[in-house]
Each structure stands twice: as C-alpha cells, then as structure tokens.
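What follows is each chain in one-letter form.
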Amino acid sequence: MSVNVTTLETLKEYFAGVIRRANHHGPNIKAIVFPLIGYLVANVDVGSIRVRSHQGSMCNVLWCKLSGKPYAFSYAHADGGSIELRLNNLHGPVIARFTNSSSVDDFRRAFAK
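Residues numbered from 1 in each chain as written. Predicted model: local features only at pLDDT ≥ 70, side-chain atom pairs only at ≥ 80, totals over all residues. Heavy atoms only, no water.

**Focus: the side chain of Arg86**
Tracing the sequence through the fold places Arg86 in strand β5 (residues 82–87). Judged by its relative accessible area of 18%, Arg86 is buried. Side-chain polar atoms of Arg86 contact the backbone oxygen of Leu90, separated by 3.4 Å. If we ignore the near neighbours within four places in the chain, the residues touching Arg86 are Pro70, Tyr71, Ala72, His91, Gly92, Pro93, Val94 and Ile95. (Helix = DSSP H or I, 4+ residues; strand = E, 2+ residues; numbered from the N terminus. Buried < 20%, exposed > 50% of the residue type's maximum accessible area, 1.4 Å probe, protein only. Polar contact = N/O pair within 3.5 Å; in protein donor to acceptor, adjacent residues only side chain to side chain. Contact = heavy atoms within 4.5 Å.)

This is how it looks when you write it as structure tokens:
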C-alpha cells in the first residue's frame, strides 16, 4: 500500500523515519539523506510524492515525478547499502545508486540521463 504525501508534516514524518532507520541500519547512506531530501524538495513535481506503507507505518520506498518522469527511490542492502534510483517503479532499470560519497552533482547527472 502507499500513502500520498500532500503535506509538509507527512513529508517530515516520512524522512524522520528514514533518518532514524539510516542511523541504525544504514551507516553508508545516513549522510546523503539530507542532501537528497533537499534536492527532491527543490525539484519534485508538486503532488507526485507517494511512499510505501506497511501496517500504518511509512517505509523506505518513495515514488515521485521529476520533470514529469516517474522515479522510485529505495534502500538496497547489497554492497554495504545504498539508495537506489529506478526509472518508473521498483522494477525499472537502476539509474543510480547513492551513498555517503555521492554529491549533489551526482543527483543532477542521474536525472539528466
């Protein structure tokens, strides 16, 4: 099931959970979460954010549109952990993987492809 994110309050609640889980389970991505949040907020198509939910709690999957193109972000456990960016949905091709060593320029390049 998914939740449409239509308020800043819901977005903050979602990202607080992502940060909490990254601090505990995702040391390889916890520093990149904040720049990624900023990039998304500045560039996302208004009204396009959805997040996965399970038993009433929001999980580590986010779908959105940027310049009309659909993307899915999720946490990947392989190789020490990364945030995967996929085109269209969770089964789409992987466009990029982000870790603590990623930069905002890496975000720009990923979305320019």
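**Examining helix α3 (residues 104–112)**
Every α-helix carries 3.6 residues per turn, so stepping three or four residues along brings you back to the same face. Residues Phe107, Ala110 and Phe111 constitute the buried set of α3. Seen from one end, α3 has its buried residues packed into an arc of 90 degrees, which puts them on one side. (Arc of directions from axis to C-beta.)

**Things to note about the nonpolar core**
For soluble globular proteins, the rule of thumb is that nonpolar side chains tend to be buried together. Counting 28 residues, the largest nonpolar core has Leu62, Phe73 and Phe98 as the members making the most contacts within it. Looking at this core, the elements with two or more residues in it are α1 (8–25), α2 (33–43), β3 (57–66), β4 (69–76), β5, β6 (94–98) and α3. When sequence neighbours within four positions are dropped, the list of residues in contact with Phe98 reads Ile29, Ile32, Phe73, Ser82, Ile83, Leu85, Asp106, Phe107 and Ala110. (Core = buried A, V, L, I, M, F, W, Y, C linked by side-chain atoms within 4.5 Å.)

**Some points on the packing of α1 against α2**
Interaxial distance between α1 and α2 falls to 11 Å at its minimum, and their mutual angle equals 155 degrees. It follows that α1 is roughly antiparallel to α2 by the angle criterion. Judged by the twist between their axes, the crossing of α1 over α2 is right-handed. Where α1 approaches α2, its residues Leu11, Phe15, Val18 and Ile19 are matched on the opposing element by Val33, Phe34, Ile37, Leu40 and Val41. Along the lines of polarity and charge, the residues of the contact of α1 with α2 split into nine nonpolar, no polar and no charged. (Axes fitted to C-alpha atoms, helices over the stretch in contact; angles between N-to-C directions. Parallel < 35°, antiparallel > 145°, perpendicular 65-115°, else oblique. Left-handed = near helix turned anticlockwise from the far one by under 90°. Nonpolar A, V, L, I, M, F, W, Y, C, P; charged D, E, K, R; others polar.)

**Here we look at the packing of α2 against α3**
Remark: α2 packs on α3, axes separated minimally by 10 Å, with the N-to-C direction vectors making an angle of 45 degrees. What the angle tells us is that α2 and α3 run oblique. With respect to the hand of their crossing, α2 and α3 are arranged in right-handed fashion. Residues Pro35, Leu36 and Tyr39 of α2 touch α3, and the partners they reach there are Val104, Phe107, Arg108 and Phe111. Residues of the contact of α2 with α3, tallied by class, amount to six nonpolar, no polar and one charged.

**Some details on the environment of Asn89**
By secondary structure assignment, the location of Asn89 is in the loop between β5 and β6. The spatial distance from the C-alpha of Asn89 to the C-alpha of Lys12 is 23 Å, given a sequence separation of 77 residues. Beyond its immediate sequence surroundings of up to four residues, Asn89 is in contact with Trp63 and Ala72. Reaching out from Asn89, the side chain makes a polar contact with the backbone nitrogen of His91 at a distance of 2.7 Å.

**Some details on the pattern of salt bridges**
Pairing of side chains with opposite charge becomes possible as their charged atoms draw close. Tallied over the entire structure, the rule returns four salt bridges. The partner of Arg86 in a salt bridge is Glu84, and the shortest N-O contact between them spans 3.1 Å. For the pair Arg86 and Glu84, a shared accessibility class is recorded, and that class is buried. A salt bridge links Arg97 to Glu84, with the nearest nitrogen and oxygen atoms 3.2 Å apart. Placement of Arg97 in strand β6 and of Glu84 in strand β5 is noted, with a sequence separation of 13 residues between them. Using a relative accessible area of 9% as the deciding quantity, one classes Glu84 as buried. Several salt bridges share partner residues, and in doing so they unite Glu84, Arg86 and Arg97 into one network. (Salt bridge = Lys/Arg side-chain N within 4 Å of Asp/Glu carboxyl O.)

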